[in-house]
Amino acid sequence: MTTDRSDDAQRLPEDRNWVRSTGLQRRHVLAGGAFAAGFAAACRPVVSSAVQTSGEGLTEESVTIPANDGFALPGFVARPAGGKAAPVIVVVHEIFGVHEWIRDICRRFARAGYYAIAPDLFARHGDATKIADFKQLVGTIVSKAPDAQVLADIDTVYDWASSHGGDGRKRGITGFCWGGRIVWLYAAHSAQLDAGVAYYGRLVSDKTALQPLSAIEEVTKLKAPVLGQYGALDKGIPVTDVEAMRAALTKAGKSPPDAITVHAGAEHGFMADYRPSYNEAAAKAAWDATLGWFGTYVKK
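Here's what I pulled together on the structure shown here.

**Some details on the sheet that holds strand E7 (residues 166–176)**
Read across the open sheet, the eight strands follow the order E3-E4-E6-E5-E7-E8-E9-E10; overall the sheet is mixed. Looking at the sheet topology across the chains shown, the edges are occupied by strand E3 (58–66) and strand E10 (259–263). Adjacent strand axes in the sheet meet at a mean angle of 20° when their direction is disregarded. Here strand E4 (residues 72–80) pairs with strand E6 (residues 115–119) via four bridges, running antiparallel. In the strand pairing of E6, valine 77 is matched with isoleucine 117. Its contacts with the sheet place helix H9 (residues 280–299) against strand E5 (86–92), E7, strand E8 (195–199), strand E9 (226–231) and E10, and it is angled at close to 165° to E8.

Take a look at the structure:
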């Protein structure tokens, strides 16, 4: 599938798109202390809208998952305490790795009755949470994570979760920014996946030897329904890309159930309540839709 060169001109690279989101009007009060210290270096300062979800009634733990190549893959798990095994939701991080916001997303899913697990899919290449410079982060870590290895690691994560308190027969995946693209790719990769929700994941990608896949070109291979959540003002993922993806889904006979929502007035990162790009109305609508989507296709 091809895109117009004018689209390429307006499609900001991942690092510049995140930097742009810091230029929005900042909230006057910033979150501080130990809570803010849990966020990735590139995410600071943390705005006061950052949500802190209670861990009461949940089991939380940092875990190590043996990957298919023997690598010790770190991750974070949040799940309901006690009771029967819960459906598994893999939470795929942004370019910032598994920092406090990703852990909080896991808690939110756990409070909704899921076994949520966030693997650090960059860990082989460094600690993304420690790098403050966006360009360095993308150049030294994000760009080094091969699509094939990432998808294989997620396979391993589901298998591991199935034997560590999760109900691996019920599988969902969600991801944000970099992770949103991975959701589309994983839905084309795994026949065992029940559903995915992709938050502002890039649909048209610059291909590299390590990352040769573009979500829009994987549409015909989708094996599970995906709900896309995008912002109308996203400069890295122009609405023309979203419309092209919608058309591709329709042509492939994937829509419905696959669907994309574009949230009016929302920027890239509209779900990220720790950043100035946060859009409360869009985030609430998207989260409600996410729980509805997983309730329909994963919990069943």
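**Side note on the environment of glycine 83**
With respect to the helices, strands and loops of the structure, glycine 83 is situated in the loop between E4 and E5. Sequence spacing of glycine 83 and arginine 44 is 39 residues, and the spatial spacing of their C-alpha atoms is 37 Å.

**Focus: the nonpolar core**
Nonpolar side chains in soluble globular proteins generally cluster together in the buried interior. Core analysis: the largest hydrophobic core is formed by 97 residues, its most contacted members being Val91, Ile154, Trp178, Trp184 and Tyr200. In terms of residue count, helix H7 (residues 178–189) provides more of this core than any other element does, eight residues in total. Apart from residues no more than four positions distant in its own chain, tryptophan 178 is found in contact with Glu14, Val92, His93, Glu94, Ile95, Leu121, Phe122, Val142, Ala145, Val150 and Gln211.

**Comments concerning the side chain of arginine 202**
Residue placement: arginine 202 occurs in the loop between E8 and E9. You can call arginine 202 buried: its relative accessible area is 11%. Setting aside anything within four residues of it in sequence, one finds arginine 202 in contact with Arg11, Leu12, Pro13, Glu14, Cys177, Arg181, Ala215, Gly236 and Ile237.

**Considering the packing of aromatic side chains**
Tallying each qualifying case throughout the model produces 17 aromatic pairs. Between phenylalanine 109 and tyrosine 114 the ring centres are 6.1 Å apart and the planes differ by 85°, which places this aromatic pair in the edge-to-face class. Residue class for phenylalanine 109 comes out buried when judged on its relative accessible area of 0%. Overall, the relative accessible area of 2% leaves tyrosine 114 in the buried class. Look at phenylalanine 176 and tyrosine 200: their rings are 6.5 Å apart centre to centre, the planes differ by 55°, and that puts the pair in the tilted class. Placement of phenylalanine 176 in strand E7 and of tyrosine 200 in the loop between E8 and E9 is noted, with a sequence separation of 24 residues between them. The same class applies to phenylalanine 176 and to tyrosine 200, which are both buried.

**Side note on the packing of helix H6 (residues 147–162) against H7**
Close contact between H6 and H7 brings their axes to 10 Å; oriented N to C, the two are set at 75°. On the basis of the axis angle, H6 is roughly perpendicular to H7. The segment H6 lies against H7, with Asp147, Val150, Leu151, Ile154, Asp155 and Tyr158 engaging Trp178, Arg181, Ile182, Leu185, Tyr186 and His189. For the contact of H6 with H7, the residue count by class is eight nonpolar, one polar and three charged.

Rules of the game
- Residues numbered from 1 in each chain as written.
- Predicted model: local features only at pLDDT ≥ 70, side-chain atom pairs only at ≥ 80, totals over all residues.
- Heavy atoms only, no water.
- Pairing = 2+ DSSP bridges.
- Helix = DSSP H or I, 4+ residues; strand = E, 2+ residues; numbered from the N terminus.
- Axes fitted to C-alpha atoms, helices over the stretch in contact; angles between N-to-C directions.
- Contact = heavy atoms within 4.5 Å.
- Core = buried A, V, L, I, M, F, W, Y, C linked by side-chain atoms within 4.5 Å.
- Buried < 20%, exposed > 50% of the residue type's maximum accessible area, 1.4 Å probe, protein only.
- Phe/Tyr/Trp six-rings, centres within 6.5 Å; stacked < 30°, edge-to-face > 60°.
- Parallel < 35°, antiparallel > 145°, perpendicular 65-115°, else oblique.
- Nonpolar A, V, L, I, M, F, W, Y, C, P; charged D, E, K, R; others polar.

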